[in-house]
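Listed below are the residues making up each chain.
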Protein chains: 2
Amino acid sequence: MRKYRLMSPGPTPVPEKVLLSMADTIIHHRTPQFGAVLKDVNIKLKKVFCTENPVLTLASSGTGAMEASIVNLLSKGDKALVIRGGKFGARFSEICGFYGVEAVNYDVEWGDSADPAVVKKLIGDNPGVKAVYSTLCETSTGVCNDIKAIAEVVSKTDAVLVVDSISGLSADEIRPDDWGVDVVVGGSQKGLMLPPGLAFISLSPKAQKLIEGSDLPRYYFCLKAALKSYAKDDTPWTPAVSLITGLNKVLDIMLEEGIKNVLARHARLAEATREAVKAMGLELFAKNPSNAVTAVKVPGNVDGLALVKKMRDEQGITIAGGQADLKGKIFRIAHLGYMDEYDTISAIAGIEIVLKQLGFDLERGKGVAKAEELLG
Amino acid sequence: MRKYRLMSPGPTPVPEKVLLSMADTIIHHRTPQFGAVLKDVNIKLKKVFCTENPVLTLASSGTGAMEASIVNLLSKGDKALVIRGGKFGARFSEICGFYGVEAVNYDVEWGDSADPAVVKKLIGDNPGVKAVYSTLCETSTGVCNDIKAIAEVVSKTDAVLVVDSISGLSADEIRPDDWGVDVVVGGSQKGLMLPPGLAFISLSPKAQKLIEGSDLPRYYFCLKAALKSYAKDDTPWTPAVSLITGLNKVLDIMLEEGIKNVLARHARLAEATREAVKAMGLELFAKNPSNAVTAVKVPGNVDGLALVKKMRDEQGITIAGGQADLKGKIFRIAHLGYMDEYDTISAIAGIEIVLKQLGFDLERGKGVAKAEELLG
């Protein structure tokens, strides 16, 4: 009997009481009963997203909402500045390509965060940029971008700022209204502690105005239709009823803890993880690390793929490896959602055990000791 | 304590053991463990869809798969013949419009089924029709289209036949490979007895060939990407893990009962409902009624909206009213998925009680007596 421990940056563990809430009787979505649930959810989502803008809930993975943030705001031939410092920044650029939007790519070295001054320069150099796309936490590298500073630049221009906060939300602070972020994209299976299947998108008045002029084709992801339904606490298509029941529950849990405390918890676990791996003699990959996920360089003599595999198959702890060019070169431990101090300590202990097995020279318990010091 | 009885044509009740299976620990999707689940699901889906073609599972409502069946098969300016005999046929036409596909609409009077001879004539009159879109069960009218006969016409041409079987699947027979149906679109929240949030699409070799030549933009619903992942028992985007766990379970339940028996059960409940409402002095709306849902005309002196509302709010039985032009004019009782004889009898009894309350002249128990006779 070895327990299954999910420590990846999505999906993340779902609290047992939320899992059970989703096992409740399925109710019909076009009824006052379900309308009341949606109304509740819509109010709470604004609080969790720290915005007064509508936060739309879509039945899809996060990628669907990323696509929605392009096809509803832009037109064919439009220019978009895309901060591309990892797999998910690259995805924005890829979607632009599929729809005939010209992506001006700001290629940030993987592991670095975007420089707001470069964003400013690129907007200046490329007149007509209608939207700037960035990740909050770039999940593939564990980097947190300085959205506040980027928003300061973008909000002074005609462009809207779209931030993929799928993995960052509730781990790395984002204050859309205070900072001037127009569109925040989210997903259910990260800090929101739900199974995958829901995506979110908030829209500032500036973004809503862009929708009016956009000519790209869309149907399922039509945000004009979604906004119209949203105003009546409804959805244009059949919503994912059980996931929304769970959403209502997790939002309660998060608001009861308080968003500040939720952020502080993620910060604390992330900090402890960073210091623990450093104490083990390892190096962090991200220069400006996110509190959603910690990316760690695999030490030279260790097989990075074996590390992740042994963690999962022998220790029962699912962490993530590196993606694309980073395959085998980094591993990633998440701090997202329903994860606590002893989950973090377990992950660190697991890493110590497996690194030792793979021939890495370390003093047992050194990483855990550091974590105990910071989490105790 | 009045129980909640869901008798609408989607969502439908989910068996308790399936609800609980979805409350199991969330596992990571990019692992051999989840790959094994997907492999299992993919094999079983073929059996339930009665096809050897791949059946792709998408994280979206059924509408997403309807859109996928257009944007992946056609190109801008292409012609599609759309059988439009209700709200869902109309949706195909609408999606075509959004993407610059010319929809040749075959407008069937709501309540009638499509005439295969007219389909044949329209294909002849409109050279270049690349795809024909039909519903199996047109949920909005309760009509079942004669897909076998339509397929006989279409399969002799270069066009592919796409059938929206979202509500029809497992209630009305469809044999894609035997009949020559190229694309079958499905949804989770109907006969498949799951919550909403998954959509399905099967693709014949003829349909897969069309994908190669299609130039419409798509990303999240890109079936080329989905097919590539499918071949490795994977998905291009994060799948709806908990719903797929439930899917694995319902497919077992359905295959254990046997698809023939599942169809026979739906036929039996539908037949009993039709005869019961007729015994109550009511008239059926659909000329060729589906076994997924029975649409009944609201009698002249009765307020149709009040009927559905009283059923839901006072009797605890959620049936559906009419949509669009049929609002207040029909009501619809489903026979879909996890519904049995006594659910059906309860719905009929509820209709008797409420019709009586609304001043309709009927003999109490007459409808139920007929149902007992047919279901006992």
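Parameters and conventions
Residues numbered from 1 in each chain as written. Chains lettered and ligands numbered in written order. Predicted model: local features only at pLDDT ≥ 70, side-chain atom pairs only at ≥ 80, totals over all residues. Axes fitted to C-alpha atoms, helices over the stretch in contact; angles between N-to-C directions. Helix = DSSP H or I, 4+ residues; strand = E, 2+ residues; numbered from the N terminus. Parallel < 35°, antiparallel > 145°, perpendicular 65-115°, else oblique. Left-handed = near helix turned anticlockwise from the far one by under 90°. Contact = placed C-beta atoms within 7 Å. Nonpolar A, V, L, I, M, F, W, Y, C, P; charged D, E, K, R; others polar. Domains from an automatic or database assignment. Pairing = 2+ DSSP bridges. Least-squares fit on C-alpha atoms with pLDDT ≥ 70 in both. pLDDT = per-residue confidence, 0-100. Expected span 1.5 Å × (residues − 1). Buried ≥ 20, exposed ≤ 12 C-beta atoms within 10 Å, placed from the backbone. Arc of directions from axis to C-beta.

A look at the packing of helix α2 (residues 32–48) of chain A against helix α10 (residues 241–257) of chain A
Residues and elements named next belong to chain A.
Part 1 of the reasoning: Put simply, α2 and α10 touch, their axes get as near as 9 Å, and they point 40° apart. The angle between α2 and α10 places the two elements in the oblique class. Helix-helix and strand crossings are classified by hand; for α2 and α10 the assignment is left-handed. Across the interface between the two elements, Val37, Asp40, Val41, Lys44, Leu45, Lys47 and Val48 from α2 touch Ile244, Thr245, Leu247, Asn248, Leu251, Met254 and Leu255 from α10.
Part 2 of the reasoning: Each residue belonging to the contact of α2 with α10 can be placed in one class, and the counts come to 9 nonpolar, 2 polar and 3 charged.

Remarks on the domain arrangement of chain A
Interface extent is often summarised as the accessible area lost during association of the parts.
Residues and elements named next belong to chain A.
Part 1 of the reasoning: Domains assigned within chain A are domain 1 (5–11 + 258–375) and domain 2 (16–257).
Part 2 of the reasoning: Domain 1 and domain 2 are separated by 27 Å when their C-alpha centres are compared.
Part 3 of the reasoning: On the side of domain 2, 30 residues touch domain 1, which itself brings 29 residues to the contact.
Part 4 of the reasoning: Counting residues per element, the ones that place at least two in the side of domain 1 that touches domain 2 are α11 (259–279) and β11 (293–297).
Part 5 of the reasoning: For the side of domain 1 that touches domain 2, the class distribution of residues is 15 nonpolar, 11 polar and 3 charged.

Digging into the interface of chain B and chain A
Part 1 of the reasoning: Residue-level contacts link 43 residues of chain B with 43 residues of chain A.
Part 2 of the reasoning: Broken down by secondary-structure element, the contributors of at least two residues to the side of chain B that touches chain A are α1 (16–21), α3 (62–71), α4 (87–98) and α10 (241–257) of chain B.

Structural notes on the sheet that holds strand β11 (residues 293–297) of chain B
Residues and elements named next belong to chain B.
Part 1 of the reasoning: The sheet built from 3 strands is open, its strands ordered β11-β14-β13 with antiparallel pairing. Among the strands making up the open sheet, the edge pair consists of β11 and β13 (320–321).
Part 2 of the reasoning: In the sheet, β13 pairs with strand β14 (residues 330–334) via 2 bridges, with the strands oriented antiparallel. Within the sheet, the bridge partner assigned to Ala320 lies in β14 and is Arg332.

Concerning the packing of helix α11 (residues 259–279) of chain B against helix α14 (residues 366–375) of chain B
All names here are of chain B.
Part 1 of the reasoning: At a closest axis distance of 7 Å, the pairing of α11 and α14 adopts a crossing angle of 150°. Judged on the interaxial angle alone, α14 and α11 are roughly antiparallel. Considering how the two elements wind past one another, α11 and α14 form a crossing that is right-handed. Contact residues: α11 offers Arg268, Glu271, Ala272, Glu275, Ala276, Val277 and Ala279, while α14 offers Lys366, Gly367, Val368, Lys370, Ala371, Leu374 and Leu375.
Part 2 of the reasoning: Of the residues that constitute the contact of α11 with α14, the class distribution is 8 nonpolar, 1 polar and 5 charged.

Concerning the relation of the copies chain B and chain A
Part 1 of the reasoning: Under the fitted operation, chain B is carried onto chain A by 0.0 Å of movement along the axis and a turn of 180°, and the coordinates agree to an RMSD of 0.0 Å. Read as a symmetry element, the transformation amounts to a two-fold axis. For chain B, the smallest separation between a C-alpha atom and the rotation axis is recorded for Ser60 of chain B, amounting to 2.5 Å.
Part 2 of the reasoning: Both copies share a contact surface, since 100% of the interface residues of chain B are interface residues in chain A too.

Quick word on the sheet that holds strand β5 (residues 129–135) of chain B
Residues and elements named next belong to chain B.
Part 1 of the reasoning: Across the sheet, which stays open at both edges, the 7 strands sit in the order β2-β10-β9-β8-β5-β3-β4 with mixed pairing between neighbours. Single-partner strands in this sheet number two, and they are β2 (55–58) and β4 (102–107). Looking at each pair of strands side by side, their axes are set apart by 20° on average, direction ignored.
Part 2 of the reasoning: As defined by bridge partners, β2 adjoins strand β10 (residues 199–203) across 4 bridges and the pair is classed as antiparallel. Bridge pairing in β10 places Leu58 opposite Ala199.

Description of the confidence of the model for chain A
Part 1 of the reasoning: Mean pLDDT over chain A works out to 98, with 100% of the residues at or above the 70 mark.
Part 2 of the reasoning: Reported for the predicted complex are a pTM of 0.97 and an ipTM of 0.96.

Brief notes about α2 of chain A
Residues and elements named next belong to chain A.
Part 1 of the reasoning: With 17 residues, α2 should reach 24 Å at 1.5 Å per residue; the first-to-last C-alpha distance of 24 Å fits that figure.
Part 2 of the reasoning: Restricting attention to buried positions, one finds in α2 the residues Phe34, Leu38, Val41, Leu45 and Val48. For α2, the buried positions fall inside an angular range of 85° around the axis, keeping them on one side. In α2, those exposed residues whose orientation departs by more than 90 degrees from the buried face are Pro32 and Ala36.
Part 3 of the reasoning: Residues of α2 that are buried in the fold lie against β2 (55–58), β10 (199–203), α10 and α11.
Part 4 of the reasoning: Cys50 sits one or two residues past α2 and shows a positive phi near 55°.

Description of the pairing of strand β14 (residues 330–334) of chain A
Residues and elements named next belong to chain A.
Part 1 of the reasoning: Summarising burial for β14: 5 of the 5 residues are buried, a large majority.
Part 2 of the reasoning: Of the two faces of β14, both are covered, the one formed by Ile330, Arg332 and Ala334 as well as the one formed by Phe331 and Ile333.
Part 3 of the reasoning: Two strands pair when backbone bridges link them, and β11 and β14 are joined in this way by 5 bridges, in the antiparallel orientation. Counted as the bridge partner of Val293 is Ala334 from β14.

So, the pairing of strand β9 (residues 183–187) of chain A
Residue and element names in this part refer to chain A.
Part 1 of the reasoning: With 5 of its 5 residues buried, β9 lies for the most part within the structure.
Part 2 of the reasoning: Residues Val183, Val185 and Gly187 point to one face of β9 and Val184 and Gly186 to the other, with burial holding for every one of them.
Part 3 of the reasoning: In terms of strand pairing, β9 meets β10 through 5 bridges, oriented antiparallel. Within β10, the residue paired with Val185 across the bridge is Ile201.

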